[in-house]
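# Architecture at a glance
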Amino acid sequence: QVQLVESGGDLVQPGGSLRLSCAASGSISSIKSMGWYRQAPGKQRELVATITSGGRTNYADSVKGRFTISRDNAKNTVSLEMNNLKPEDTAVYYCNANLKRAWYTDSEDYWGQGTQVTVSS
């Protein structure tokens, strides 16, 4: 049983900052990568940023230079520091983890329930 819980979504004005956090819990053997995806109203879900357990990162072009993803492998958590937020960043942000459960051979994708980020004046 694996659960991802996001926190930190809020209403923030343009140019402001916000920090999202996600914690994975359960019978986890190893986490290969964690990341953040977002889905705005009327839009497709898109990748925001990912990070492997080894620290390799990948960012969407739209957030490069503004967002920073980090992780704490010991705590099975991932965070997303969002700076200089823009109205177009408004979306539901979903935490994702690709991990192996204890006693399982293959890795699987898990998703959090989502946290709302609204950027508006």
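As a reminder, the structure under discussion sits directly above these lines.
A short tour of the structure in this document, coming up. (Residues numbered from 1 in each chain as written. Predicted model: local features only at pLDDT ≥ 70, side-chain atom pairs only at ≥ 80, totals over all residues. Heavy atoms only, no water.)

Let us now look at the overall build of the protein. Within the protein, the regular secondary structure consists of 0 helices and 11 strands. Moving toward the C terminus, one meets the helices and strands of the protein in the order β-β-β-β-β-β-β-β-β-β-β. Taken over C-alpha atoms, the radius of gyration comes to 14 Å for the protein, in line with the 14 Å a tight globule of 121 residues would show. Relative to its 121 residues, the protein shows a buried fraction of 42%. Long-range contacts, defined here as pairs at least 24 residues apart, represent 54% of the contacts in the protein between residues at least 6 apart. Counting every atom, the protein has about 6600 Å² of accessible surface; 44% of that belongs to carbon and sulfur. Separation between the mean location of the 13 positive side-chain charges and that of the 11 negative ones in the protein comes to 4 Å. (Helix = DSSP H or I, 4+ residues; strand = E, 2+ residues; numbered from the N terminus. Rg over C-alpha atoms; globule rule 2.2 N^0.38 Å. Buried < 20%, exposed > 50% of the residue type's maximum accessible area, 1.4 Å probe, protein only. Contact = heavy atoms within 4.5 Å. Areas by Shrake-Rupley, 256 points an atom, 1.4 Å probe, with all protein chains shown as cover. Lys, Arg positive; Asp, Glu negative; His and termini not counted. Charge placed at Lys NZ, Arg CZ, Asp CG, Glu CD.)

In terms of nonpolar packing, the biggest core is built from 32 residues, with W36, L80, M82 and Y93 touching the most fellow members. For this core, the secondary-structure elements that each account for two or more residues are β1 (2–7), β3 (18–26), β4 (28–39), β5 (46–52), β7 (67–72), β8 (77–82), β9 (91–101) and β11 (115–119). (Core = buried A, V, L, I, M, F, W, Y, C linked by side-chain atoms within 4.5 Å.)

Quick look at the packing of aromatic side chains now. According to the stated counting rule, one finds 1 aromatic pair in the structure shown. For the pair Y37 and W111, a centre-to-centre distance of 5.0 Å together with 65 degrees between the ring planes defines the contact as edge-to-face. One end of the pair, Y37, is in strand β4; the other, W111, is in strand β10 (residues 108–111), with 74 residues separating them in the sequence. Directly above the aromatic system of W111 lies the positively charged group of R45, at a separation of 4.9 Å from the ring centroid. (Phe/Tyr/Trp six-rings, centres within 6.5 Å; stacked < 30°, edge-to-face > 60°. Lys NZ or Arg CZ within 6 Å of the ring centre and 35° of its normal.)

Time to look at the pairing of β7. When a strand is regular, its side chains alternate between the sheet's two faces. Bridge count between β7 and β8: 6 bridges; the pairing is antiparallel. Directly across from D72, in β8, lies its bridge partner T77. From the end of β7 to the start of β8, which pair antiparallel, there are 4 residues, and N76 there has a positive phi angle of about 55 degrees. (Pairing = 2+ DSSP bridges.)

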